[in-house]
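Working through the structure, step by step
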Amino acid sequence: DQIPSYRYHYGVYGFENESFVILDGKKFDYEKEKENILPEYVNTGDKNTAYRVNVFPRERPVPGELRIFFPNKNAIMLRSLGKTLLATLFFAAIILLCFGYTLYIIFTQKKLSEMKTDFINNMTHEFKTPIATISLAADSLNNPVVFKNEEKILRFSRIIKQENIRMHKQVEKVLQMALLDKKDFNLKLTSVNMHDLILSAIENISLQVEAREGSVKGFLNASEAIVKGDQTHLSNIINNLLDNANKYSPQKPHITVFTRNVDKGLEIMVKDEGIGLSREVRKFIFDKFYRVPTGNIHNVKGFGLGLSYVKTMVEAHKGKIDVRSDLGKGSSFIIYLPLS
């Protein structure tokens, strides 16, 4: 395509007169035109602004040069490369986004893989003890000495039954989380007095806490504590939080439950003085299968499903849950449930 004339100027430059003799395809009289044309178009000696080639190069001396001058060279180049440059930047941005997304997926999958591996290890530990206990009890029942002792038979039978129930509950937890992931559950909504549930949960956990020379107290200051919800799931929420507070208190556990009314709802806070949570751990505390690291010692039982279940059920009741904690200074789990 021919370049429009206003985007460049060309001509034959004569060395004898040191001026153009032909400019833009026309004979040029420097003396007549010098008042009407810009100096850089007439007598440009700047080698950076003009492209040139000798005319009649075999003659000596060379009579002149053919020169072409682009007054807006940079603008022309940018204009011609503009679309290509924009397309390049666009595709480069897409490539960078895809690369970033790929890295995110890789690290996410790595994290999930580690969590699932931990889950399998935890499940092995959780099932190993009851299986071993049942095996020992069954072997004992086969002992001829035990046949003659009805009291021992009943004792070993109770042990087998208790351990079987324990294993059944663990399996139920895993199956329950599968249903929660699929949102395949129905809440049986009734009017539930949360203070009654909390007091019952405190009574249930108090035996374990007192056995470790600890304490669990309730300061139920809310004037309205009746919410619409599923009594079973709401009870499980409180029991899970109290159980965690007990498990993650390495010394004598001191647990406190507070309630108060805020913003047309009920706020429940379960506070402990346990190991606490670092900022990094708090990011994942409600993820399924995630467990607070306790080193190589498997001294805290569980599958890492408790808090994930709690969060899912609180949100199913249109509520919110938050955690406040500092490493080594205990944790506070705060639940908000609407009253209506």
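Remember, predicted model here, so these are calculated numbers, not experimental data.

1. With respect to the nonpolar core
In terms of nonpolar packing, the biggest core is built from 37 residues, with Met194, Ile237, Leu242 and Ile268 touching the most fellow members. Those elements giving two or more residues to this core turn out to be helix H6 (194–211), helix H7 (231–247), strand S9 (254–262), strand S10 (265–271), helix H9 (306–316), strand S11 (320–325) and strand S12 (331–338). Sorting elements by how many residues they give to this core places H6 first, with seven residues. Filtering out sequence-adjacent residues up to four positions away, Ile268 remains in contact with Met194, Ile198, Ile238, Val257, Phe258, Thr259, Phe333, Ile334, Ile335 and Leu337.

2. Observations regarding the packing of H6 against H7
Between H6 and H7, the shortest axis-to-axis distance is 9 Å and the interhelical angle comes to 35°. Our pair here, H6 against H7, has a crossing hand that is right-handed. Residues Met194, Leu197, Ile198, Ala201, Ile202, Asn204, Ile205, Gln208 and Val209 of H6 pack against Gln231, Leu234, Ser235, Ile238, Asn239, Leu242, Asp243 and Asn246 of H7.

3. Structural notes on H9
Turning to H9, its buried residues are Leu307, Ser308, Tyr309, Val310, Thr312, Met313 and Val314. Just past H9, the residue Lys318 takes up positive phi, approximately 65°.

4. Remarks on the confidence of the model for the chain
Residues with a pLDDT of 70 or more make up 81% of the chain, whose mean pLDDT is 80. The weakest mean pLDDT in the chain belongs to helix H2 (residues 39–42) at 52; the strongest belongs to S10 at 95. Segment residues 1–5: pLDDT under 50, and two contacts once partners within four positions in sequence are set aside and those in other chains are kept.

5. A closer look at the sheet that holds S10
Spatially, the five strands line up as an open sheet ordered S7-S9-S10-S12-S11, and their pairing is mixed. The open sheet is flanked by strand S7 (215–220) and S11, the only strands paired with a single partner. Across the sheet, the axes of successive neighbouring strands diverge by a mean angle of 15°, strand direction being ignored. As paired strands, S10 and S12 are joined by seven bridges and run antiparallel to one another. Each residue of the ladder has a partner; that of Glu267, found in S12, is Tyr336. Here H6 sits on the sheet and contacts S7, S9, S10 and S12; the angle it forms with S7, its principal contact strand, is near 170°.

6. Focus on the pattern of salt bridges
By the definition in use, this model includes seven salt bridges. Between Arg67 and Glu65 there is a salt bridge; the shortest N-O distance is 2.8 Å. Among the residues examined, Arg67 registers a relative accessible area of 6% and is labelled buried. Using a relative accessible area of 10% as the deciding quantity, one classes Glu65 as buried. Close ionic contact of Glu213 with Lys252 constitutes a salt bridge, the shortest N to O distance being 3.4 Å. Taken together, the residues Glu213 in the loop between H6 and S7 and Lys252 in the loop between H7 and S9 connect sequence positions 39 residues apart. Residues joined by salt bridges that share partners form a network here, namely Arg52, Glu65 and Arg67.

7. Brief notes about the packing of aromatic side chains
One pass over the structure, following the stated rule, counts four aromatic pairs. Seen in terms of ring centroids, Phe90 and Phe91 are 5.5 Å apart; in terms of plane orientation they differ by 70°. Their pairing is edge-to-face. Centroid distance Phe286 to Phe333: 6.3 Å. Interplanar angle 85°. Geometry classified as edge-to-face. Placement of Phe286 in the loop between helix H8 (279–282) and H9 and of Phe333 in strand S12 is noted, with a sequence separation of 47 residues between them. In terms of burial, Phe286 and Phe333 fall into one category: buried.

Scoring rules and cut-offs
Residue numbers run consecutively from 1 along every chain, following the written order of its sequence. Two thresholds apply to this predicted model, a pLDDT of at least 70 for residue-level local features and 80 or more for giving and counting side-chain atom pairs, whereas whole-chain, interface and lining totals are computed over all residues. Hydrogens and water molecules were not included; the side-chain quantities draw on all heavy atoms of the structure. Take the buried residues of types Ala, Val, Leu, Ile, Met, Phe, Trp, Tyr and Cys, join any two whose side-chain atoms come within 4.5 Å, and each joined set is a nonpolar core. Only protein chains enter the accessibility calculation, which uses a 1.4 Å probe; a residue whose area is less than 20% of its type maximum is buried, one above 50% is exposed, and one in between is partly exposed. Numbering of helices and strands starts at the N terminus; helices are DSSP runs of H or I of at least 4 residues and strands are runs of E of at least 2. The contact criterion used throughout is that any non-hydrogen atoms of two residues lie within 4.5 Å. Note on geometry: axes are C-alpha line fits, over the in-contact stretch for helices, and angles between N-to-C directions span 0 to 180 degrees. The handedness criterion is simple: a crossing whose near helix is rotated anticlockwise from the far helix by less than a right angle is left-handed, and one whose near helix is rotated clockwise is right-handed. The pLDDT value expresses, per residue, how confident the predictor is, ranging between 0 and 100. We call two strands paired when DSSP finds no fewer than two bridges between them. Here a salt bridge means any side-chain nitrogen of Lys or Arg lying within 4 Å of a carboxyl oxygen belonging to Asp or Glu. Aromatic contacts are taken between Phe, Tyr and Trp rings whose centres are within 6.5 Å, Trp giving its six-membered ring; a plane angle under 30 degrees counts as stacked, one over 60 as edge-to-face, and the others as tilted.

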